[in-house]
Amino acid sequence: MKIIDARVIVSSPGRNLVTLKIETEDGISGIGDATLNGRELAVVAYLQDHVVPCLIGRDARRIEDIWQYLYRGAYWRRGPVTMTAIAAVDVALWDIKAKAAGMPLYQLLGGRSREGALAYGHADGRNLEEALASVEKYRKAGYRAIRVQCGLPDIEKVYGVHVGEGPYEPAQRGLPEEERWSTPAYMRFVPTLFAAVRENFGEEVALLHDVHHRLTPNEAARVGKDLEPYRLFFMEDATPAENQEGFRLIRRATTTPLATGEVFNSVWDAKALITEQLIDYVRATIVHAGGISHMRTIASLAGLYGVRTGFHGATDLSPVTLGAAIHFDTWLPNFGIQEYMAHAEETMQVFSHGHRFEDGYLIVSEAPGHGVEIDEAKAALYPYQPAYLPVNRLEDGTVWDW
Ligand code: KDG
Ligand code: MG
């Protein structure tokens, strides 16, 4: 089954999304997501200039060999651009293999381990009142697990909180905006937020919170302790994880479950965190961590140590990644939870899919492949527009983690 064509489709239906489409000689094609928020065109060039020419003529069935060829063969390993490009190829090839077998992807991975994948939605508000109203909205929509983010007194824009109408979207068109951050204000406020949520919504709903890499390990330990009475499902990205050992300090101090890794791109980013059992959930995802093939390595290592998955699922991960993730979640024995943010209407005009949200769970598509398709004519109606994630500064102007 020779690969005869591979093309990169760049489109901006509501936000910039990059898709790789691979076609084979017998007419079966597959797609993979190649979106790296704010650095989209770097992956486009990597694919077009260095990967696509090497794919033409190869046997699409040899997924593992092609993965190794692109990873080991390039000499320069890892990094978000490389691993996103490899992921796009890998997911497209799994899509092709599953279509050729006439099976939904989860069947090829090993079959169903559960009926649906527990999903968490994003509640947010500029203040406590708005945040509580937003949690109420998600409860009414059937969510059993809800991430809660809230604005801080006297800070104009805060991570995870929408500005104006519509859902929260951090990437803005044009050059990067700048935001301000105050760790002391955050640490004073966040226990109040979760106390109010528990008081209003009881014990049953699973609550999650994203710290978005803004604390030192010692500060994260303090916040984890302060949040213990509210029994979070997990506290996410409490501190940057380049220093994996930093999590030892947090782990010793608190029983609040810890999740990290949406920016990870290989198993090596998570090795100590997993093998030392410093985290409970690994958030590395298919699109940024080398595709289904490499995510199997990460998830299998995690499974040995009782660590579960909590795939990143914001809207910069295209419907292709979400579709593929739901297959992985449906199969993986040590699945934990799936982040779920519905895509914009324009995005859904470009991508069709067979998965659905029902009663708090994501239900996998039964179509052969991963079940997501792109309408290239519609994609062409939305040309790329430069857009960036914001840059964060402390109140004194110091550049900080975002
Ligand atoms: O591209 C970055 C976003 O996907 C990220 O900021 C969202 O942290 C995020 C999350 O947990 O969804
Ligand atoms: Mg996050």
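Predicted, not measured: the structure shown is a model, and the values here were computed from it.

Caption draft 1: Spatial organisation of the coordination of the magnesium ion (ligand 2). Protein coordination at the magnesium ion (ligand 2) comes from D210 (OD), E236 (OE) and E262 (OE), with a distance range of 2.0 to 2.2 Å. Taken in sequence order, the residues that donate to the magnesium ion (ligand 2) follow the motif D-x25-E-x25-E. You can see D210 sitting in strand β8 (residues 206-210) and its partner E262 sitting in the loop between β10 (258-260) and α9 (267-275), a full 52 residues away along the chain. Accessibility classification places D210 together with E262 in one group, the buried group.

Caption draft 2: Looking closely at empty space enclosed by the protein. Counted under the stated rule, the structure contains two cavities of 30 Å³ or more. What the largest cavity holds in volume is close to 100 Å³. Together, 15 residues line the largest cavity, and Q149, V158, W181, Y186 and H209 are the ones closest to its centre. Counting residues per element, the lining of the largest cavity draws most heavily on helix α6 (residues 183-201), which supplies four residues. The class makeup of the residues in the lining of the largest cavity is 10 nonpolar, three polar and two charged. H312, G313, A314, L317, S318, T321, L322, Q338, Y340, M341 and H343 together form the lining of the second largest cavity. Across the lining of the second largest cavity, the residue classes tally to five nonpolar, six polar and no charged.

Caption draft 3: Here's a closer look at the side chain of R147. The topology assignment puts R147 in strand β5 (residues 145-150). If near-sequence neighbours (up to four positions away) are discounted, R147 is found in contact with Y120, G121, H122, A123, Y159, G160, L208, H209, D210, E236 and E339.

Caption draft 4: Layout of α6. Between the first and last C-alpha of α6 there are 27 Å, a value that for 19 residues agrees with the 27 Å anticipated at 1.5 Å per step. F189 marks the point of greatest bend in α6, at about 30°, and the proline P191 comes within the next four residues. The residue sitting at the N-terminus of α6 and contributing the capping side-chain oxygen is S182; that oxygen lies 3.1 Å from the backbone nitrogen of A185.

Caption draft 5: Here's a closer look at the site of ligand 1. Near ligand 1 lie 15 residues; those nearest to it are N37, Y159, E262, D316 and E339. At 2.9 Å from an oxygen atom of ligand 1 is found a side-chain nitrogen or oxygen belonging to Y159. Between ligand 1 and R283 there is a distance of 3.1 Å, counted from an oxygen atom to a side-chain nitrogen or oxygen. Protein contacts shield 94% of the accessible area of ligand 1, which totals 330 Å² for the unbound molecule. Here ligand 1 is seated within the largest pocket. Here the shell around ligand 1 is built from residues that sort into four nonpolar, four polar and seven charged.

What counts and what doesn't
Residues numbered from 1 in each chain as written. Chains lettered and ligands numbered in written order. Predicted model: local features only at pLDDT ≥ 70, side-chain atom pairs only at ≥ 80, totals over all residues. Heavy atoms only, no water. Donors = N, O, S within 2.8 Å, 3.2 Å for Na, K, Ca; no water. Helix = DSSP H or I, 4+ residues; strand = E, 2+ residues; numbered from the N terminus. Buried < 20%, exposed > 50% of the residue type's maximum accessible area, 1.4 Å probe, protein only. 1 Å grid on protein atoms, 1.4 Å probe; cavity = no way out; pocket = protein on both sides within 12 Å on 5 of 7 lines; lining within 4 Å. Points joined across faces, edges and corners; volume = space filled by probe spheres on them. Nonpolar A, V, L, I, M, F, W, Y, C, P; charged D, E, K, R; others polar. Contact = heavy atoms within 4.5 Å. Expected span 1.5 Å × (residues − 1). Bend = angle between axes of the 7 residues up to and from the residue. Polar contact = N/O pair within 3.5 Å; in protein donor to acceptor, adjacent residues only side chain to side chain. Near = heavy atom within 4 Å. Areas by Shrake-Rupley, 256 points an atom, 1.4 Å probe, with all protein chains shown as cover. Sits in = over half its atoms within 2 Å of the grid points.

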